[in-house]
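Structural overview
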Amino acid sequence: MAMIEITDLHKSFGANDVLKGVSFAVERGEVVVVLGPSGSGKSTLLRCINLLEDWQAGDIRIDGESVGYFDGGRRRAWPEAKAAKVREQVGLVFQSFNLFPHRTALENVMMGPLHVRRMAKPEARKLAGDLLEKVGLADKADQYPATLSGGQQQRVAIARALAMQPKVMLFDEVTSALDPELVGEVLIVMRRLAEEGMTMIIVTHEIHFARDVSDRIIFMDAGAIVEQGPPAQVLASPASERLKLFLRRYQGDYLAV
Amino acid sequence: MVNVLITNLPYLLRGAVMTLWLALAVVTLGTLLGTGLGILATGRSRIVRAAITVYIFVLRGIPVLVVMFLGYYAFPALGFRVNAYVAVGVAQIVYVGAFTAEIVRSAILSVHPGQIAAAKSLGMRRGAILREVILPQATCIAIPPLLNNALTAVKQTAYASVVGAWELTYAAREIVERTLASFQIFLGVMAIYFAICYPLSLLARWYEKRLVVSH
Amino acid sequence: MSEYLAQTAVLLASLWPKLVAGFVLTVEIAAAAAPLALVFGLVLLAPRMDARAFVSGPTVAFIELMRNTPLLVQIYLIYFGLPVLGFYPSEFTCGVAGIALQHGAFLVETYRGAIESVSTRQWDAARAIGMGRFTAFRHVILPQALMKILGPLGNQLIVLAKDTSLVSAIGVMELTMTGKLAIERSAASAEVFVAIALFYLAMTTAIGGAVRLLEYRVAERT
């Protein structure tokens, strides 16, 4: 049974169709990278999986369980409380980090365990401390986000999401807002997570990283999956014109049209 | 010349004490009311949100004096016999509440939606998000305008004199009508109000500067 | 129910001329005080921002005095105080003067805030293409400050319009005073209140709407 199963997902914002029948599955421990031009619906896809967005048609199953809607004959969205329970199992790291500015790095990581799992404070602190060490920021535990660099903030954000011990981790262009020299430190953390067997769906523009770390690459354009397959194959010999174009742009041919 | 002011000072100071009581009651209760309403105004019930929006819109669009008159005449009309202070006080509390609600609502809505998304992604529910993420930051943002709001409320207690409640301004008019020493008395009264209000003004400005620095 | 509506309609019809007269007077007070306040604020702006302490000091002191004392007391001071000095201005004039003085003082801070909030980088940019300080101010800083000022200015004008009600305390027959008398003489307090509230809401909403429209127009051109 796949960890994540998406069947014929349709999502629109008003008159704008953003996802037009997306279907794919992600196995336990698999690392999937989603590539695509902006506006292709990649972020929206992730936000649907962790129920931050609702959708018009289609099914999402997490670890076998269909989430988001009651379908006893009629479609009805889940109440917040039920959706919150699902989000405990799906970690999402954002492009803009979204750390809580009024809490230290350690306190940020403790937020989930303390206020959702209702862990005792000393226990939560130890868990958070270990996670910060894992992402290489043990010495920044008592710093506020404003004093940390972008790369450091993003690593704290990853630790924060991991603190909930999710079954799946979603990454939404987490290095796109970073200065180039800070990107590496975040990718290292993500690579280690992949090696440890975490199920991951990564939306990114880092093609080299995708080739090295992913088990499968999915290419999306205009709300639909155009092509997918093992990285070596998809990147070296793209089948579709659109993917060929996309890759040329990313290999530096900025005049490719 | 200044003698008139000095001889009447005790009377005026008693008026000032009344003003302070009134101000304290109005500011505390009005701010509490407004904070509660402001939080509700960001909640999920569309009806509640609409009702509070109407309340804020109406009260912010009419003079506080009119609301005070309403209080003064409405209570007896409804069958309650209350003294002038209660009538005027309740009116002002309702008025201050509207402005406070707008400030609080604004502050809550100004917390970056990305943080709320992050909190939701951790599985936090609305209560925890409000308590741990939104309110700590919204409070910080809201304090300078709330302090200014309090300052305005304190000054507005003077208008209670027009409706017949006895406080500092009422006392001042009594004395002026008796002694005709308008300059001395009113300037003296202005000095007393200044002594009450200026510290509040400074506090508000100090807090504003602190906010700018921390960002 | 229709009996009630009919009675209310008759009552309001009889009071209507007086209420309108009161409203007109309210508008006149606001229309007289507002330009005076705007100009007074400008007059105080230069001394307020002057670098020399003996110029900015007294200006700040005056502004702080206006901002930390109730408008009502200021109006009383003018109304009861000037006769002592031998002047006998009308109640209307006293009210307008009081409102203009206080709001002028508030406006100075609004003006100052808008000017100082235009980023220093704009000054750099202007000077970098060779503009002198005055030219830079006139063509780069001022237009941007004007844009930022519309919002706070609009709010201040709404407060000014509501403050006209205070002039009832010295006997001017503007809307609040008219309403108060009408209530005392008739039994229908609630209905008269609603009428007065609607008048004021009409005025404040109109000002708010006009300011927003102006903001929109200015934003379009920038």
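Let us look at the structure shown here. (Residues numbered from 1 in each chain as written. Chains lettered and ligands numbered in written order. Predicted model: local features only at pLDDT ≥ 70, side-chain atom pairs only at ≥ 80, totals over all residues. Heavy atoms only, no water.)

**Overview of the side chain of Ser 56 of chain C**
All names here are of chain C. Here Ser 56 shows up in helix α2 (residues 53-67). For Ser 56, a relative accessible area of 14% translates into the label buried. Beyond its immediate stretch of four places on either side in the chain, Ser 56 contacts Pro 47, Arg 48 and Asp 50. (Helix = DSSP H or I, 4+ residues; strand = E, 2+ residues; numbered from the N terminus. Buried < 20%, exposed > 50% of the residue type's maximum accessible area, 1.4 Å probe, protein only. Contact = heavy atoms within 4.5 Å.)

**Points about the interface of chain B and chain A**
Taken together, the contact pairs 18 residues of chain B with 24 residues of chain A. Buried surface at the junction of chain B and chain A, summed over both partners, amounts to about 1,800 Å²; 63% is from carbon and sulfur atoms. At the junction of chain B and chain A, the tally comes to two salt bridges. A salt bridge links Glu 132 of chain B to Arg 103 of chain A; the shortest N-O distance between them is 2.9 Å. Between chain B and chain A we count six residue pairs in polar contact (both at pLDDT 80 or more) in total. Put simply, the parts of the chain that give the side of chain B that touches chain A at least two residues each are α5 (113-121) and α6 (126-156) of chain B. A per-element tally of the side of chain B that touches chain A places α5 of chain B first, with seven residues. Among the residues forming the side of chain B that touches chain A, the class breakdown is seven nonpolar, six polar and five charged. (Buried area = accessible area lost by both parts, 1.4 Å probe. Salt bridge = Lys/Arg side-chain N within 4 Å of Asp/Glu carboxyl O. Polar contact = N/O pair within 3.5 Å; in protein donor to acceptor, adjacent residues only side chain to side chain. Nonpolar A, V, L, I, M, F, W, Y, C, P; charged D, E, K, R; others polar.)

**Re the packing of aromatic side chains**
This structure, assessed with the given rule, holds 15 aromatic pairs over all chains. Both rings, one in Phe 219 of chain A and one in Phe 246 of chain A, keep their centres 5.3 Å apart while their planes meet at 50°; by these two values the pair is tilted. Note that Phe 219 of chain A is positioned in strand β11 (residues 216-221) and Phe 246 of chain A in helix α9 (residues 241-250), a separation of 27 residues in sequence. For Phe 246 of chain A, a relative accessible area of 8% puts it in the buried group. An angle of 15° between the planes, with centres 4.8 Å apart, marks the rings of Phe 194 of chain B and Tyr 198 of chain B as stacked. Of the two residues, Phe 194 of chain B and Tyr 198 of chain B both sit in helix α9 (residues 182-214), four residues apart, roughly one turn of that helix. We classify Phe 194 of chain B as partly exposed; its relative accessible area is 22%. Overall, the relative accessible area of 26% leaves Tyr 198 of chain B in the partly exposed class. Among the aromatic residues, ring-to-ring pairing joins Phe 186 of chain B together with Tyr 76, Tyr 79 and Phe 80 of chain C into one connected group. Positioned above the aromatic ring of Trp 78 of chain A is the side chain of Lys 82 of chain A, whose terminal nitrogen or guanidinium carbon lies 4.2 Å from the ring centre. Looking at Arg 210 of chain B, its charged tip hangs above the ring of Tyr 207 of chain B, at a distance of 5.3 Å from the centre. (Phe/Tyr/Trp six-rings, centres within 6.5 Å; stacked < 30°, edge-to-face > 60°. Lys NZ or Arg CZ within 6 Å of the ring centre and 35° of its normal.)

**Here we look at the interface of chain C and chain B**
Interface size is commonly expressed as the accessible surface area that is lost when the partners come together. Between chain C and chain B, the residue contacts involve 35 residues of the former and 37 residues of the latter. Of the roughly 3,200 Å² buried between chain C and chain B, counting both surfaces, carbon and sulfur atoms make up 75%. The largest contributions to the chain C side of the interface with chain B come from Asn 68, Leu 77 and Phe 193 of chain C, which together make up 19% of the buried area. The interface formed by chain C and chain B contains one salt bridge.

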